Amino acid sequence: MNRAEVDMRTQIGNVVFKNPIFTASGCAANGKELSTFFPLDSIGAVVTKSVMTHPRAGRPTPRMAETPSGMLNAIGLQGPGIETFLKEDLPWLHQHGASTIVSIAGESVEEFAALSRKVRNAPGVCALEVNISCPNVENRGLVFACDPRSARDVIEAVKRSVGSTLPIIAKLSPDVTDIVSIAEEVVAAGADALAMINTLLGMVINLDTMRPHLANKTGGLSGPAIRPVAVRAIYQVHRALPKVPIVGMGGVLTGADALELILAGARGISVGTATFHDPSAPIRILGELEKLLHERGFTRFSDAVGYAHREGE
Amino acid sequence: MNGLSSATVQAECEVVSNRRVGAYHHLTLSAPGIAEHAKPGNFVAISVGDARTSMLLRRSFAIYQTMARGPFGGTVEIIVAAHGAGSSWIAERAPHERLNVVGPLGNAFKIPKDPVRALLIGGGYGSAPLFALAELLRQKNSRVDMAIGASTSDRIFAPVEGKRSVHALHIATEDGSMGSKGRVTDLFDHKLAAIDIVYACGPMRMLQAITEIAASAGVPAQCAVEESMACGVGLCMTCVLPIRGSDGVIRMLRSCVEGPIFDGTSVQWNDVGTIPPGTYGAPR
């Protein structure tokens, strides 16, 4: 196959990425480790681990449990804090040619606004992911993406801070009754794109201790087990908001999995849990996807986005 | 945050042999590119099942020994205890089957420049990485004593060829089926009168007990920890432990990248499973 036959470029807001395969926030640390396995500039973008204002120790261990075709995690956003991130991690990614989408997480509307102001002018940032859907915060009431009004408040505040300097990608939770209504709220509030889906809240009980296995009791479920949920959510939101770019994620382990999300409406694909299984997964999936698109007669990646919605035939 | 060693690679490795050793499986893998760079204490992370596996997380194994050159190119040997479905699958691999291996990973045991009197302590198959360490120490003209403990004799990993690497080997089993009856910590004088350095690998409680003994004797102890990992390569942040740094600050460090070998006194053993108050980034 001649790889040049498929134009893999994709656009999110006003930013063009060389291809649609991204890492997923929280599954790539801040890029250094993955650079051992493939050049970071060979994928569309590195999405960094959601960073908060202050350094954060995260949750106690155990933080993880393997589940059928997936895993449960409750890391609790362990990270260096925005100052160290901007001083060390982001410049490193910039030097290594990575297109970087910085993911931020806050405990209040004001924290999100302040974080986005700090990221706005940092060199080497392509877009801003606003993680309003991390399930591992102290208080489930803080999952902004589970409440239309809270979700809108955060995105409005970020939009006021960032203006049009960076595309704003709102990361949504599938743990809602109607994800379309949340998507409509955040788009109305100024989100340029949507990232979906974050993990689903789950629990594993350890049969030796006969207590919840995770120290946090609950954790976020990810991996191929949740892929049909992602396909459904992306399909519904793309149907309602066909012009809004979606960065799709949820159990993508192969190029075929990525194509499924793309046909549902994803314009970018984040590879998350798969990197734990196979640290070369993002670059492998890119090659597999290109081949599958070519075999189906696509010459441009963008033509496949939302193709499952087409009329007739 | 550190990256990985530039020597780390991901490779499809053929199983050269799989031999049963007591309760364990001794797998030899053809792993050119990994074997030449591995140091005692390093580990490998192996994926489970085929492309359609339902078990996504890698299993990590300390490297028992390596051969940089041989009939199969470089080989890496590991000792597998079939604890659960994933490690059982790996333990059942037959010669000529392939495993996806990432390695070498983690830090290595630190070796003093001058000859020392070293005590190496292994719990169960935790003895596996200690034989290559013993070999290296002996090349530096060090005196190497080894103590291995387990619940039963079939869980003592002490191969004949490994025994040649040590000056003296002591064994304890809790049921008395091999060596003396009792725990590994019963095997040596707790004053550590003739010991300059302790190296240990095994369950957390054993490492904690050894750290306490070594600390009260004023002897450093390098401990290789067993903390549950999901990726082995520093991405997932699940294998963290509270570690006190030389600046006195406790940080939650990844045992896969910043470990698995830590100075025993730096590990906050009693606080494992918590975020100790005052930890860098702890809730305020």
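Residues numbered from 1 in each chain as written. Chains lettered and ligands numbered in written order. Predicted model: local features only at pLDDT ≥ 70, side-chain atom pairs only at ≥ 80, totals over all residues.

Helix and strand counts for chain B stand at four helices and 15 strands. Computed over the C-alpha atoms, the radius of gyration of chain B is 18 Å, within 12% of the 19 Å expected from 2.2 N^0.38 for a compact globule of 284 residues. Overall size of chain B, expressed as C-alpha extent along the three principal axes, is 50 × 50 × 40 Å. For chain B, with 284 residues in total, the buried portion stands at 51%. (Helix = DSSP H or I, 4+ residues; strand = E, 2+ residues; numbered from the N terminus. Rg over C-alpha atoms; globule rule 2.2 N^0.38 Å. Buried ≥ 20, exposed ≤ 12 C-beta atoms within 10 Å, placed from the backbone.)

What follows is about the domain arrangement of chain B. Buried accessible area, meaning the area lost when the parts come together, often serves as the stated size of an interface. All names here are of chain B. In terms of domains, chain B is made up of domain 1 (9-105) and domain 2 (117-271). Residue-level contacts link 19 residues of domain 1 with 22 residues of domain 2. Where the side of domain 1 that touches domain 2 is concerned, the elements lending two or more residues are β3 (43-46), β4 (59-67) and β6 (98-105). Its residues placed into classes, the side of domain 1 that touches domain 2 shows 14 nonpolar, four polar and one charged. (Domains from an automatic or database assignment. Contact = placed C-beta atoms within 7 Å. Nonpolar A, V, L, I, M, F, W, Y, C, P; charged D, E, K, R; others polar.)

Before going further, it helps to spend a moment on the environment of C239 of chain B. Within the secondary structure, C239 of chain B is located in the loop between β12 (221-224) and β13 (240-244). Under the C-beta neighbour-count criterion, C239 of chain B is labelled buried, with 27 such atoms within 10 Å.

This part takes up the interface of chain A and chain B. Listed by partner, the interface residues are 36 residues for chain A and 30 residues for chain B. Of all the elements in the fold, those that place two or more residues in the side of chain A that touches chain B are β5 (64-67), β6 (70-73) and α7 (274-277) of chain A. Class assignment of the residues belonging to the side of chain A that touches chain B gives a composition of 15 nonpolar, 15 polar and six charged.

A few words now on the pairing of strand β8 (residues 125-131) of chain A. Residues and elements named next belong to chain A. Summarising burial for β8: seven of the seven residues are buried, a large majority. Alignment of strand β7 (residues 100-104) against β8, held across five bridges, turns out to be parallel. Bridge pairing in β8 links T100 to V125. You can see the chain leave β7, run along helix α2 (residues 109-120) and come back into β8, and the turn it takes is right-handed. Strand direction decides the pairing type here: β8 and strand β9 (residues 168-171), joined by four bridges, are parallel. Within the sheet, the bridge partner assigned to N131 lies in β9 and is K171. (Pairing = 2+ DSSP bridges. Right-handed = clockwise from strand over helix to strand, strands pointing away.)

Before going further, it helps to examine helix α5 (residues 227-240) of chain A. All names here are of chain A. Taking 1.5 Å per residue as the helical rise, α5 with its 14 residues ought to reach 20 Å, and the 20 Å between its terminal C-alpha atoms agrees with that figure. The set of residues buried in α5 consists of R227, A230, V231, A233, I234, Y235, V237 and H238. Residues of α5 that are buried sit in contact with α4 (179-188), β10 (193-196), β15 (246-248) and α6 (255-264). (Expected span 1.5 Å × (residues − 1).)

What holds strands together in a sheet is hydrogen bonding between their backbones, with the strands either parallel or antiparallel. Residue and element names in this part refer to chain A. The four strands are arranged β5-β6-β14-β11 in an open sheet whose pairing can be described as antiparallel. Each end of this open sheet is capped by a strand with a single partner; those strands are β5 and β11 (200-203). The mean angle between the axes of side-by-side strands here comes to 35°, regardless of whether they run parallel or antiparallel. As judged from the four bridges shared by β5 and β6, these two strands associate in the antiparallel manner. Each residue of the ladder has a partner; that of M64, found in β6, is N73. (Axes fitted to C-alpha atoms, helices over the stretch in contact; angles between N-to-C directions.)

Attention now goes to the environment of T28 of chain B. All names here are of chain B. Along the chain, the position of T28 falls in strand β2 (residues 24-30). Sequence separation between T28 and L130 is 102 residues; the distance between their C-alpha atoms is 17 Å. If we ignore the near neighbours within four places in the chain, the residues touching T28 are V16, S17, T75 and E77.

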